[in-house]
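# A structural walkthrough
Next come the chains, spelled out residue by residue.
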Amino acid sequence: MDEKVFQPIFRTLLYTALMVILLISACSGVTSEELPTAVPTDVVIFEPTPTIDWFPATATPTTRPTTAETSTAILFDPTFNLGATIVDDNFSDSSLWKTSKSTTGNVVYGEGNLSLAVAGAKGSLSSLSPYALPQDFYLEMDATVSLCQYGDQYGLLFWYANSGDTYRLTLTCDGRLRLELLAGSSGVVLQDWTYASKLMPGAPTDHKIGLWAKAGELQVFVNDTYQFRVKTSANRVGGLGVYAKAAGDTAMTVGFSHLKVYQLKPAP
């Protein structure tokens, strides 16, 4: 083909192609600045991983008395407003408490204490004093446990009328307390077994037992620490004794000393 003929045709085709491209761009209304940015679909975004505490701190369990009145009564000071001293016994007079010797064990005077040594075989011993407890009083007595196994018991008999009519406070060598009224061949549980606060289990150990009674209310203390309160008869009076009981065939020994009983002054 002649070159003079080809050049006009080529220019016409080129011009037409440019016009088509411009027309398409104008119709779409999208510029290069408005093109969306593609986001890869296989990208995984990781959230921060929390630090694992492999040895978390755990709260130390605190044992508290089972009575619901602990929170208020624990602030009570039994030695406040005490009256005259009724009993002050240092256990130097061996004629005051009943002693005995048998196959079950021995109740004997020691140096400033009364010792109850149970031979074992689930035996029990008790000793009564000549003291009479009034309706209202505060009592303190020390108990020194020399030999003791899990479940062995010791404690106080108070407002004692006879073996079938007395209140009995029991402590165990594993750190529990119980209060009951013995009546005939049975009894009434006033406070069932509860772990005592500030009562060290095992032996040898020393404990101060406290009883506060006023107008039909009785509160129990161990080592100057409130344990529980119960309602009792408002006009109860009676004697005072101690006892010990072996839970199994192993011997146990507990000594009682430093007994003091006070009157209570009228409320101010």
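In case you missed it, the structure is sitting above this.
Now for a description of the structure that goes with this document. Predicted model only: the values in this text are computed from it and were never measured.

### So, the sheet that holds strand S7 (residues 153-162)
- Ordered by their spatial adjacency, 6 strands build an open sheet running S5-S14-S7-S8-S9-S10, and the pairing between neighbours is antiparallel. Edge positions in the open sheet fall to strand S5 (124-133) and strand S10 (186-195), since each of these has one partner strand only. Direction aside, neighbouring strands of the sheet carry axes that sit 15° apart on average.
- Sheet topology note: the strand S8 (residues 165-172)/strand S9 (residues 176-183) ladder contains 7 bridges and is antiparallel. Pairing of Asp165 across the sheet is with Ala183, part of S9.

### Things to note about the nonpolar core
- Judged by nonpolar contacts, the single largest core of 47 residues is most densely connected at Trp97, Leu139, Tyr154, Phe158 and Leu259.
- In terms of nonpolar packing, the next biggest core, distinct from the first, is built from 7 residues, Trp212, Phe221, Tyr226 and Leu264 among them.

### Thoughts on the layout of surface pockets
- Roughly 220 Å³ of volume is contained in the largest pocket.
- Taken together, 13 residues form the lining of the largest pocket, with Ser124, Ser126, Leu157, Arg168 and Tyr243 sitting closest to its centre.
- For the lining of the largest pocket, the secondary-structure elements that each account for two or more residues are S5, S7, S8 and strand S14 (238-245).
- For the lining of the largest pocket, the element with the highest residue contribution is S5, accounting for 4 residues.
- Of the residues in the lining of the largest pocket, the class split is 7 nonpolar, 4 polar and 2 charged.

### Comments concerning the packing of aromatic side chains
- Taken as a whole, this structure holds 8 aromatic pairs when the rule is applied.
- Note on Trp97 and Tyr131: the rings are 6.3 Å apart at their centroids and 70° apart in plane angle, and the pair reads as edge-to-face. Separated by 34 residues along the polypeptide, Trp97 in the loop between strand S1 (82-89) and strand S2 (100-101) and Tyr131 in strand S5 bring together distant segments of the chain.
- A residue is classified by how much of its surface remains accessible, and Trp97, at 2% relative accessible area, is buried.
- Owing to a relative accessible area of 17%, Tyr131 belongs among the buried residues under this scheme.
- Here the aromatic residues Phe137, Phe158, Trp159 and Tyr167 are joined through ring pairs into a cluster of three or more.
- Between the NZ or CZ atom of Arg168 and the centre of the ring of Tyr243, over which it lies, the distance is 5.2 Å.
- Against the face of Trp193 rests Arg176, its NZ or CZ located 4.7 Å from the ring centre.

### Quick word on the state of the cysteines
- Summed over the entire model, instances satisfying the criterion amount to 1 disulfide.
- One disulfide in the model links Cys148 with Cys173; its S-S distance is 1.1 Å. Its S-S torsion of approximately 65° makes the covalent link between Cys148 and Cys173 right-handed. Residue Cys148 is found in the loop between strand S6 (137-147) and S7, and its partner Cys173 is found in the loop between S8 and S9; the two are separated by 25 residues along the sequence.

### Remarks on the pattern of salt bridges
- Throughout the structure, instances matching the rule amount to 8 salt bridges.
- Between Arg236 and Asp165 there is a salt bridge; the shortest N-O distance is 2.9 Å. Here Arg236, found in the loop between strand S13 (225-231) and S14, pairs with Asp165, found in strand S8; they are 71 residues apart in sequence, far enough to count as distant.
- Accessibility expressed as a relative area gives 15% for Arg236, which makes it buried.
- Taking the shortest distance from any N to any O, the salt bridge between Arg229 and Glu217 comes out at 3.0 Å. Here Glu217 lies in strand S12 (residues 217-222) and Arg229 lies in strand S13, a separation of 12 residues in the sequence.
- Ionic contacts of the salt-bridge type, sharing partners, join the residues Arg168, Arg178, Glu180 and Asp192 into one network.

Here is what the cut-offs are and how they apply
- Note that residues are indexed from 1 along each chain, following the sequence as it is written.
- A pLDDT threshold of at least 70 governs which residues receive local features in this predicted model, and a stricter bar of 80 or more applies before side-chain atom pairs are shown or counted, although totals over entire chains, interfaces and linings include all residues.
- Hydrogens and waters are ignored; side-chain quantities use all the structure's heavy atoms.
- By the convention used here, strands pair only if DSSP detects at least 2 bridges between them.
- The helix and strand labels rest on DSSP assignments: H or I over at least four residues marks a helix, E over at least two residues marks a strand, and numbering proceeds from the N terminus.
- Axis lines are fitted through C-alpha atoms, for helices just across the contact stretch, and the angle between N-to-C directions can take any value from 0 to 180 degrees.
- Among buried residues, those of type Ala, Val, Leu, Ile, Met, Phe, Trp, Tyr and Cys that are joined through side-chain atoms within 4.5 Å constitute a nonpolar core.
- Throughout this description, buried means an accessible area under 20% of the type-specific maximum (1.4 Å probe, protein chains only), exposed means over 50%, and partly exposed covers the range between.
- Cavities and pockets are found on a 1 Å grid laid over the protein atoms alone: a cavity is a set of points where a 1.4 Å probe fits but cannot escape, a pocket is an open set with protein on both sides within 12 Å along at least five of seven lines, and a lining residue has an atom within 4 Å of such a point.
- Grid points are joined across faces, edges and corners, and a volume is the space filled by probe spheres set on the points.
- Amino acid classes used here: Ala, Val, Leu, Ile, Met, Phe, Trp, Tyr, Cys and Pro are nonpolar; Asp, Glu, Lys and Arg are charged; the rest, including Gly, are polar.
- Between 30 and 60 degrees the pair is tilted, below 30 it is stacked and above 60 it is edge-to-face, where a pair is any two Phe, Tyr or Trp rings, Trp via its six-membered ring, whose centres lie within 6.5 Å.
- The criterion is that NZ of a Lys, or CZ of an Arg, lies within 6 Å of the ring centre and within 35 degrees of the ring normal, and then a charge sits over that ring.
- What counts as a disulfide here is a pair of cysteine sulfur atoms lying within 2.5 Å.
- Just to be clear on terms, a salt bridge is a Lys or Arg side-chain nitrogen sitting within 4 Å of an Asp or Glu carboxyl oxygen.

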